[in-house]
Amino acid sequence: LAKTTQPISMDSYEGQEVNITCSHNNIATNDYITWYQQFPSQGPRFIIQGYKTKVTNEVASLFIPADRKSSTLSLPRVSLSDTAVYYCLVGVSTGGFKTIFGAGTRLFVKA
Amino acid sequence: EPEVTQTPSHQVTQMGQEVILRCVPISNHLYFYWYRQILGQKVEFLVSFYNNEISEKSEIFDDQFSVERPDGSNFTLKIRSTKLEDSAMYFCASSAGGISGNTIYFGEGSWLTVV
């Protein structure tokens, strides 16, 4: 299983761009990198997924370098409502789909 | 947007009682999962289910837990004899495929309080 490491917490101000980096040194060739957002007492919500280079959607961008040993979630112009825990996941299949969540990064956006 | 729905949203039960948590996965999905999150802790994988059988399970998923897909739409988690430490938020999830690259979609959770 590919282990992920993220900062435990980050602070930001409204309107700033936030970049959260995740390292996954043991990522396997077939693994994708997925980021989820979780608000208190709610289920994790899919943000973005990528395999290599850069992926962008209406919510975020995901930057993955050529060696794929890390990835960076970029949230443009955060607002107070982006305060949440962000999880970086690297998927593994061993006949099922056992996705392991790490501790995540607690992002706190201040006014 | 299709979503995973879970019932009940909150259940309080006496220690030793059986509990069944219910989920309706996204309709064209084939892989189903249960996770749990103890208050203040990380999301923990319990079990994945495909083709009417368990694909993988964690060490948390011991003999007191079972899963079932009783019909074409529901997916249930049964806890046979609840313990205080089973108090947690339980999330059901589903995905179209079972390999990396397939997005797992989560429900809003069922809060289980064991007293």
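Since we're looking at a predicted model, the values are computed, not measured.

What counts as what
- Residues numbered from 1 in each chain as written.
- Chains lettered and ligands numbered in written order.
- Predicted model: local features only at pLDDT ≥ 70, side-chain atom pairs only at ≥ 80, totals over all residues.
- Heavy atoms only, no water.
- Helix = DSSP H or I, 4+ residues; strand = E, 2+ residues; numbered from the N terminus.
- Contact = heavy atoms within 4.5 Å.
- Pairing = 2+ DSSP bridges.
- Axes fitted to C-alpha atoms, helices over the stretch in contact; angles between N-to-C directions.
- Core = buried A, V, L, I, M, F, W, Y, C linked by side-chain atoms within 4.5 Å.
- Buried < 20%, exposed > 50% of the residue type's maximum accessible area, 1.4 Å probe, protein only.
- Buried area = accessible area lost by both parts, 1.4 Å probe.
- Salt bridge = Lys/Arg side-chain N within 4 Å of Asp/Glu carboxyl O.
- Polar contact = N/O pair within 3.5 Å; in protein donor to acceptor, adjacent residues only side chain to side chain.
- Nonpolar A, V, L, I, M, F, W, Y, C, P; charged D, E, K, R; others polar.

### Observations regarding the environment of Ser23(A)
Residue and element names in this part refer to chain A.
Now for step 1: Mapped onto the fold, Ser23 is located in strand 2 (residues 18-23).
Now for step 2: It is 8.8 Å that separates the C-alpha atoms of Ser23 and Thr72, two residues lying 49 residues apart in sequence.
Now for step 3: Other than its neighbours up to four places away in sequence, Ser23 contacts Lys3, Thr4, Thr5, Lys69 and Ser70.

### Details of the sheet that holds strand 7 (residues 70-75) of chain A
Residues and elements named next belong to chain A.
Now for step 1: Strands sit in the order 2-7-6-5 across an open sheet of four strands; the sheet is antiparallel. The open sheet terminates on both sides in strands that have one partner only, identified here as strand 2 and strand 5 (53-56). Neighbour to neighbour, the strand axes of the sheet diverge by 15° on average, direction disregarded.

### Considerations on the nonpolar core
Now for step 1: Trp34(B), Leu46(B), Phe61(B), Val67(B), Phe75(B), Leu77(B) and Tyr90(B) are the most contacted members of the largest nonpolar core, which totals 22 residues.
Now for step 2: Breaking this core down by element, the ones donating at least two residues are strand 3 (19-24), strand 4 (31-37), strand 5 (44-50), strand 7 (65-68), strand 8 (75-79), strand 9 (88-95) and strand 11 (110-114) of chain B.
Now for step 3: Counting residues in hydrophobic clusters, the runner-up holds 20 residues, among them Cys22(A), Ile27(A), Leu73(A) and Cys88(A).

### Focus on the interface of chain A and chain B
Now for step 1: Every contact between the two is made by 25 residues of chain A and, on the other side, 26 residues of chain B.
Now for step 2: Across the chain A/chain B interface, buried area totals approximately 2000 Å², and carbon plus sulfur atoms make up 53% of it.
Now for step 3: In this assembly, chain A and chain B are joined by zero salt bridges.
Now for step 4: For the pair chain A and chain B, the interface holds two residue pairs in polar contact (both at pLDDT 80 or more).
Now for step 5: Taken together, the elements giving at least two residues each to the side of chain A that touches chain B come down to strand 3 (33-38) and strand 4 (45-50) of chain A.
Now for step 6: Its residues assigned to classes, the side of chain A that touches chain B shows nine nonpolar, 13 polar and three charged.

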